[in-house]
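An overview of the molecular structure
If you want the building blocks of each chain, they are given just below.
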Amino acid sequence: MGYPVIDYKPRLKGESDQPLEHQLVDLERLESSGYMRVVKHGGEKGYHIKLVLNDREAISLFVWNEKVFRGENTLARSYGVIPIEEIEVDEEEGDRLIAEGSYSLRRGLLELRFERTYDESVVKPGIFRYRLKLKGVREYISPKHGHSTRPEYFLIAVGRGLRRL
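Below: a short report on this structure. (Residues numbered from 1 in each chain as written. Predicted model: local features only at pLDDT ≥ 70, side-chain atom pairs only at ≥ 80, totals over all residues. Heavy atoms only, no water.)

**With respect to the pattern of salt bridges**
In the structure shown here, the tally under the stated rule is 13 salt bridges. Ionic pairing is found between Arg-56 and Asp-55, a salt bridge with its closest N-O pair at 3.4 Å. For Asp-55, a relative accessible area of 65% gives the class exposed. The shortest N-O distance in the salt bridge between Arg-113 and Glu-115 comes to 3.4 Å. (Salt bridge = Lys/Arg side-chain N within 4 Å of Asp/Glu carboxyl O. Buried < 20%, exposed > 50% of the residue type's maximum accessible area, 1.4 Å probe, protein only.)

Here you go:
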């Protein structure tokens with residue numbers, strides 16, 4: 001399945017474990033909805049919001065802080081299309097499941113519905129809406145993934161913040 005792609009030519013060279021068109025999925029143009037989960041991977045300071053696309057793929061959206069769970073503006077990095085298996089939690093690696101729910105992404109508007117939470121000190125049940133605005137594309141060499149070309153988005157809160165479910 002083809003996804004909308006950001007028009008960007010990488011400046012760095014190198015091998016990657018992910019095709020460029022999967023790294024550069026344009027979330028402002030992507031239309032999708034479905035199951036979502038929030039995972040904190042062992043050894044990382046932030047959180048991955050994993051948006052399931054279909055029975056084979058998901059999008060991983062990384063946030064460095066908890067602002068997204070409070071309806072505040074924040075920054076997120078897209079790790080692009082990942083295999084569905086990567087939404088799983090590996091407790092032996094120190095991963096923690098923080099929340100589950102659903103999402104909708106339409107015309108650059110992201111709605112996150114946190115329906116079940118497993119750590120209410122991080123996220124409480126509720127609904128948040130964000131307008132996505134591309135900040136730019138970061139390129140770097142990752143020890144784990146090789147050459148990485150990652151879009152970063154401003155998540156701009158829409159509405160009055162938290163809505164209880």
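**Observations concerning unusual backbone geometry**
Positive phi, close to 50°, is recorded for Arg-107, a residue that is not glycine. Looking at the secondary structure, you find Arg-107 in the loop between β5 (96-106) and β6 (109-117). (Helix = DSSP H or I, 4+ residues; strand = E, 2+ residues; numbered from the N terminus.)

**Observations regarding the nonpolar core**
Counting residues in hydrophobic clusters, the biggest one holds 35 residues, and the most contacted among them are Leu-27, Val-38, Ile-49, Phe-69, Leu-112 and Phe-114. For this core, the secondary structure elements donating two or more residues are β1 (32-40), β2 (47-52), β3 (57-63), β4 (74-83), β5, β6, β7 (126-142) and β8 (146-163). The contact partners of Leu-27, leaving out residues within four places of it in the chain, are Ile-59, Leu-61, Ser-78, Leu-105, Gly-108, Leu-132 and Tyr-153. Ranked by size, the runner-up nonpolar core spans five residues in total, among them Val-52, Ile-82, Ile-84 and Ile-87. (Core = buried A, V, L, I, M, F, W, Y, C linked by side-chain atoms within 4.5 Å. Contact = heavy atoms within 4.5 Å.)

**Let's talk about the side chain of Asp-119**
For Asp-119, the position within the fold is in the loop between β6 and β7. Sequence-distant contacts of Asp-119, defined by excluding residues within four places in its chain, comprise Arg-96 and Ile-98.

**Focus: the environment of Glu-28**
Turning to its location among the elements, Glu-28 is positioned in the loop between α1 (20-23) and β1. With near-sequence residues (within four places) excluded, Glu-28 lies in contact with Arg-107, Gly-108, Leu-132, Lys-133, Leu-134 and Tyr-153.

**Thoughts on the environment of Gly-159**
Mapped onto the secondary structure, Gly-159 falls in strand β8. Overall, the relative accessible area of 65% leaves Gly-159 in the exposed class.

**Some thoughts on the pairing of β4**
The element β4 is largely enclosed, with a buried count of eight among its ten residues. Sheet topology places β3 next to β4; six bridges connect them, and they run antiparallel. By the bridge assignment, Glu-57 is partnered in β4 with Pro-83. (Pairing = 2+ DSSP bridges.)

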